[in-house]
Amino acid sequence: MNKEEILIIDFGGQYNQLIARRVREQNVFCEVVPNDISIDKIKEKKPRGIIFTGGPSSIYSDDAPKCIDEVFKLNIPILGICYGMQYMAYELKGRVKKANKREYGQMEVTIDNSSKLFNGLDETNVCLMSHTDYVDELPDGFKRIASTQTCKIAAMENEEKNFYAVQFHPEVNHTENGFRIIKNFVIDICGCKPTWKMDIFAQNAIKNLKEKIGEKKALCALSGGVDSSVAAVLLSKAIGRNLTCIFVDHGLLRKNEVEEVEEIFTQKFDVNFVKVDARQRFLEKLDGITSPEKKRKIIGEEFIRVFEEEAKKIGAVDYLVQGTIYPDVIESGLGKSSVIKSHHNVGGLPDYVDFKEIIEPLRDLFKDEVRNVGKELGLPDYLVNRQPFPGPGLAIRIIGNITKEKLDILKEADYIFREEIAKNNMEKELSQYFAVLTDTRSVGVMGDERTYDYLIALRAVITDDFMTAKFAKIPYDILEKISQRIVNEVKHVNRVVYDITSKPPATIEWE
Ligand code: XMP
């Protein structure tokens with residue numbers, strides 16, 4: 001594919017992935033690279049523009065991250081953000097002043113909207129500031145293009161050289177029109193064309209995989225989640241039945257999920273689909289286990305055992321397919337090859353599965369891009385737009401000991417919750433929503449009889465990043481209907497509560 005690339009040089013800031021996502025939203029390819037990248041590597045990538053990210057350091061500290069100063073001589077546009085601005089000013093002989101106090105929060109910024117960077121923006125915008133040091137004197141050839149009450153130089157430019165820098169964070173939602181600033185830089189200043197589209201990506205990926213794999217064999221562990229499903233479908237389009245998908249049914253998926261995955265990969269796509277019924281095995285291993293971390297570990301290990309046994313039956317394969325996506329690559333250490341994506345977040349896939357090479361067809365993509373590829377390839381909406389589901393599955397939504405009876409109760413209650421949310425068209429509003437089976441029982445009354453039954457908790461949150469989350473304000477009448485249905489339709493449940501804690505202090509899951 002003819003990629004128009006923006007290179008994002010990572011100085012350690014917490015919003016770096018967000019910068020990359022904002023660029024991708026312009027349908028322009030970009031990569032996050034470590035700050036010590038060599039000039040040859042940069043040239044090899046032929047970027048149309050470079051973005052310096054923010055970072056926690058002071059430019060004057062001993063370990064302040066820098067990059068090769070020849071980037072300023074490449075004759076391509078550069079945008080510095082926060083620390084990236086200070087770095088640019090420092091390298092180009094402006095002056096950065098150390099400050100004792102951090103400026104943090106949404107500030108009103110007055111901008112010069114005749115600058116190409118701020119084209120189309122109002123004169124004042126509320127922007128997120130988060131910095132200690134600041135640029136005190138402009139480097140030669142630069143002019144100031146924004147300021148706040150406390151920060152004299154909140155943005156600067158050298159139009160001739162196409163160098164721009166902002167002290168605030170255009171990549172976050174807390175900055176008004178931030179996306180427009182990124183767009184102005186990527187499209188107007190760097191001149192990138194919006195060619196990074198998922199239909200083209202999918203076609204190219206299939207063609208390249210076909211050429212690479214030829215008549216050889218590949219193996220894929222399907223979890224039922226979005227990433228491994230999309231990876232498997234790409235491979236199936238490329239190599240058909242030379243792909244074997246192993247799907248371990250550990251009994252901890254939600255109601256109907258096993259059947260849905262099975263149907264897709266046996267009816268809709270032509271692959272060798274192996275479903276392993278390991279439900280009893282997992283129940284036995286989990287018997288009597290109440291510690292959440294122990295549950296995670298047992299499930300992870302058992303998954304590997306089952307996968308290994310099945311893989312052995314198949315014999316040697318040439319390739320192992322992984323659903324690694326770009327955030328995994330960034331999080332597992334830039335520049336280094338990514339660690340094998342662990343299943344259920346414990347351990348990795350076994351070394352003893354006999355394969356020659358790992359294939360990660362989605363390693364350049366963000367989650368929303370993976371979903372779009374899935375759609376392009378004909379995966380049904382309910383699978384592609386699935387809410388996140390933890391690897392250990394329902395095991396960490398049953399508080400305490402896990403039994404078959406409890407799993408059945410939880411599956412039914414969770415299904416009713418999902419069904420009512422869908423009926424009320426709330427699926428897109430909620431980031432994650434599920435039922436939890438607590439290990440509390442309480443007294444109730446049904447007809448003329450006293451009951452002593454389980455307490456179901458409902459959890460629904462709204463979040464962008466899952467690091468923080470707000471509980472969702474689902475209307476009372478919808479909650480009432482869900483509660484009535486669960487108590488009436490699910491045996492052994494006589495009480496339903498709604499979790500109204502945000503994260504922090506609570507986590508999203510209960511275990
Ligand atoms: P918490 O509970 O930490 O969850 O607020 C944040 C997000 O991570 C998911 N989660 C997991 N995902 N394995 C996973 O693959 C796990 O062990 C696990 N624990 C939590 C959770 O569903 C939420 O989306």
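Residues take numbers from 1 onward in each chain, read along the sequence in its written order. In view of the model being predicted, local features appear only for residues whose pLDDT reaches at least 70, and side-chain atom pairs are presented and counted only at 80 or more, with totals across whole chains, interfaces and linings using the full set of residues. Side-chain numbers come from the whole structure's heavy atoms, not from hydrogens or water.

Chemist: In this structure, what is going on with the environment of valine 317? I would like to understand it.
Modeler: Put simply, DSSP H or I for four residues or longer makes a helix, DSSP E for two residues or longer makes a strand, and each gets a number counted from the N terminus. Note that valine 317 resides in the loop between α9 (292–314) and β15 (319–321). Residue exposure (1.4 Å probe, protein chains only): buried if accessible area is under 20% of the type maximum, exposed if over 50%, otherwise partly exposed. Its relative accessible area of 6% is what places valine 317 among the buried residues. Distance in space between the C-alpha atoms of valine 317 and lysine 217 is 5.4 Å, their sequence separation being 100 residues.

Chemist: Would you take a moment to explain the nonpolar core for this structure?
Modeler: What tends to happen in soluble globular proteins is that the nonpolar side chains get buried as a cluster. What we call a nonpolar core is a set of buried Ala, Val, Leu, Ile, Met, Phe, Trp, Tyr and Cys residues that are connected through their side-chain atoms within 4.5 Å. By size, the foremost hydrophobic cluster in this structure holds 50 residues, and its most contacted members are Phe417, Leu430, Ile456, Leu458, Ala460, Ile474 and Ile486. Here this core gets 7 residues from one element, more than from any other, and that element is helix α13 (residues 404–423). Boundaries of every domain are those given by an automatic assignment or by a domain database. Each of domain 2 (198–384) and domain 3 (403–498) contributes no fewer than three residues to this core. Setting aside its immediate chain neighbours within four residues, isoleucine 474 contacts Phe417, Ile421, Met426, Leu430, Ala460, Leu479 and Tyr498. Counting residues in each nonpolar core, the second largest holds 44 residues, with Trp196, Ala202, Phe269 and Ile359 among its members. Residues count as neighbours in contact if any of their non-hydrogen atoms are within 4.5 Å of one another.

Chemist: Explain the sheet that holds strand β12 (residues 218–222) to me, please; I cannot follow it from the model alone.
Modeler: Through backbone hydrogen bonds, the strands of a sheet pair up, either in parallel or in antiparallel fashion. The strand order across the open sheet formed by 5 strands is β14-β13-β12-β15-β16, and the pairing between neighbours is parallel. Pairing within the sheet leaves two strands with one partner each, and these edge strands are β14 (272–277) and β16 (357–359). Sheet twist, expressed as the mean angle between neighbouring strand axes with direction ignored, is 25 degrees. Any two strands are treated as partners once DSSP identifies two or more bridges connecting them. Pairing of β12 with strand β13 (residues 243–249), which is carried by 5 bridges, proceeds in the parallel orientation. Bridged to alanine 218 within β13 is leucine 243. Helix axes are fitted only over the stretch in contact, all axes being lines through C-alpha atoms; the angle between N-to-C directions runs from 0 to 180 degrees. The strands touched by helix α7 (residues 257–268) within the sheet are β12, β13 and β14, with β14 carrying the most contacts at an inclination of about 160 degrees.

Chemist: Looking at this structure, how should I read the site of the ligand?
Modeler: As a matter of local geometry, the ligand sits amid 11 residues, with Arg296, Gln432, Lys503, Ile508 and Glu509 nearest to it. Contacts described as polar in this section are N or O atom pairs within 3.5 Å, which, within protein, must combine one atom able to donate a hydrogen with one able to accept it, while residues neighboring in sequence count only if both atoms come from side chains. In this structure, lysine 503 approaches the ligand through a side-chain N or O atom, which is 2.6 Å from an oxygen atom. For every accessible area listed, the method is Shrake-Rupley and the probe measures 1.4 Å; residues are considered covered only by the protein chains on display. Taken by itself the ligand offers 500 Å² of open surface, and the protein chains cover 77% of this. Ten residues, namely Ala, Val, Leu, Ile, Met, Phe, Trp, Tyr, Cys and Pro, are considered nonpolar, four, namely Asp, Glu, Lys and Arg, are considered charged, and the remaining ones, Gly among them, are considered polar. For the shell around the ligand, the residue count by class is 4 nonpolar, 4 polar and 3 charged. We define proximity as follows: a residue is near a molecule or strand when any one of its heavy atoms falls within 4 Å of that partner.

Chemist: Please clarify how the packing of helix α8 (residues 279–286) against α9 should be interpreted in this entry.
Modeler: To characterise two packed helices, one gives the angle between the axes of the helices and the distance between these axes. Packing of α8 against α9 leaves a shortest axis separation of 10 Å and a crossing angle of 145 degrees. In this structure, α8 crosses over α9, and the sense of that crossing is right-handed. Contact residues: α8 offers Arg281, Phe282, Lys285 and Leu286, while α9 offers Lys295, Ile298, Ile299, Glu302, Phe303, Arg305, Val306 and Glu309. For the contact of α8 with α9, a count of residues per class yields 6 nonpolar, no polar and 6 charged. The handedness criterion is simple: a crossing whose near helix is rotated anticlockwise from the far helix by less than a right angle is left-handed, and one whose near helix is rotated clockwise is right-handed.

Chemist: Would you explain the side chain of glutamine 167 in this entry?
Modeler: Within the secondary structure layout, glutamine 167 lies in the loop between β11 (163–166) and α4 (178–189). With a relative accessible area of 0%, glutamine 167 lands in the buried category. Apart from the residues lying within four places of it in its own chain, the contact partners of glutamine 167 are Cys82, Met85, Gln86, Met129, His131, Asp133, Tyr134, Cys151, Ile153 and Ala154.

Chemist: Can you help me understand the packing of α13 against helix α14 (residues 476–489) in this one?
Modeler: Direction vectors running N to C along α13 and α14 enclose 145 degrees, while the axes themselves pass 10 Å from each other. Crossing of α13 against α14: the hand is right-handed. Of the residues in α14, those touching α13 at Ala413, Ile416, Phe417, Glu419, Glu420 and Lys423 are Lys481, Ile482, Arg485, Ile486 and Glu489. Classifying every residue of the contact of α13 with α14 by side-chain character gives 5 nonpolar, no polar and 6 charged.

Chemist: Mind showing me how you'd approach the pairing of strand β9 (residues 143–147) here?
Modeler: Two faces, one strand: in a regular strand the side chains alternate between the faces of the sheet. Strand direction decides the pairing type here: strand β6 (residues 103–111) and β9, joined by 2 bridges, are antiparallel. Each residue of the ladder has a partner; that of isoleucine 111, found in β9, is alanine 146. For β9 and strand β10 (residues 155–158), the ladder comprises 3 bridges, and the chain directions are antiparallel. Within β10, the residue paired with alanine 146 across the bridge is alanine 155.

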